[in-house]
Amino acid sequence: TGVQRVLFRSVELKKLSVIDSNLQKIDWRNAKNLIKITVHNNRISEIPEGSFSLMTSLEEVDFQGNQITDLDGDLFKKNLKLKKVDFSDNILKTVGFDIFEGNVALINLKFANCGCIDKSEKIDFKKFIDIFNKVMIFKNTRICFTFLS
């Protein structure tokens, strides 16, 4: 149910794609060469702080259809080449205030159909969206936000 860091130790893996595999956890510590990550329709519930910090060439991250609840503000601090991000169809409750700060390459950001398991819990992304309105580096970025009620 997990991808261990030993997978990344001996190979120059550039792209990782794990789809419909019931995956719960990935140990990213030796995955410094990844450029594209696609982890669709699995059971990933968390991405630990610093998971992508060694991946300075990372351009695409797609975690559509998982069970992710929180995205740390430092998650993409070192990923200045990041162009596409998709966390659609997750159960996001919090997104770090400065998660994309300094990222000038970002052109596609998608958070479609994000909602909580507990329907009574409110998701407040106003602060998050306000950041995009204030930061001019996102002027050419396609941004999609939709949330389940």
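Throughout, residues of each chain are indexed from 1 in the direction in which the sequence is written. Since the coordinates come from a predicted model, pLDDT governs what is reported: local features require at least 70, and pairs of side-chain atoms require 80 or more to be given and counted, while whole-chain, interface and lining totals use all residues. In computing side-chain values, all of the structure's heavy atoms are included and hydrogens and water are not.

Chemist: Residue-level account of the overall build of the chain, with values.
Modeler: Numbering goes from the N terminus for both helices and strands, where a helix is a DSSP run of H or I of at least four residues and a strand is a run of E of at least two. Helix and strand counts for the chain come out as two helices and 10 strands. Along its sequence from the N terminus, the chain presents helices and strands in the succession β-α-β-β-β-β-β-β-β-β-α-β. Looking at the chain as a whole, 39% of its 149 residues are labelled buried. The criterion used for residue contact is that any of the two residues' heavy atoms lie within 4.5 Å. Restricting the contact set of the chain to residue pairs at least 6 apart, pairs at least 24 apart contribute 48%. Accessible surface computed for the chain: about 8400 Å², of which carbon and sulfur atoms make up 49%. The classification of residues rests on relative accessible area computed with a 1.4 Å probe and restricted to protein chains. Under 20% of the type maximum is buried, over 50% is exposed, and intermediate values are partly exposed. Accessibility throughout is a Shrake-Rupley quantity obtained with a 1.4 Å probe, and a residue counts as covered only by protein chains that appear here.

Chemist: Before we move on, can you summarise the pattern of salt bridges with the specific residues and values?
Modeler: Salt bridge, as used here, is a side-chain nitrogen of Lys or Arg placed within 4 Å of a carboxyl oxygen of Asp or Glu. Per the stated rule, a full pass over the model turns up three salt bridges. For the salt bridge of Arg29 with Asp27, the shortest nitrogen-to-oxygen distance reads 2.6 Å. Here Asp27 falls in the buried class, since its relative accessible area comes to 15%. A salt bridge links Lys36 to Glu60, with the shortest nitrogen-to-oxygen separation between them at 3.8 Å. Within this pair, whereas Lys36 is found in strand 4 (residues 36-40), its partner Glu60 is found in strand 5 (residues 60-62), the two being separated by 24 residues in sequence.

Chemist: Can you break down the environment of Cys114 residue by residue, with the values?
Modeler: If you trace the backbone, Cys114 turns up in strand 9 (residues 108-114). For the pair Cys114 and Phe87, spaced 27 residues apart in sequence, the C-alpha separation works out to 8.0 Å.

Chemist: Outline the confidence of the model for the chain, listing residues and values.
Modeler: Chain-level pLDDT for the chain is 77 on average; 68% of the residues reach the 70-or-more range. The lowest-confidence element of the chain is helix 1 (residues 6-9), averaging 51 in pLDDT; the highest-confidence one is strand 4, averaging 97. This stretch, residues 117-123, has a pLDDT under 50; its non-local contacts, to residues over four places away or in other chains, come to nine contacts. Low pLDDT (under 50) marks residues 134-139, which in the prediction has seven contacts with non-local residues, meaning those over four places away or in another chain. One number per residue, pLDDT, summarises how confident the predictor is, and it ranges from 0 to 100.

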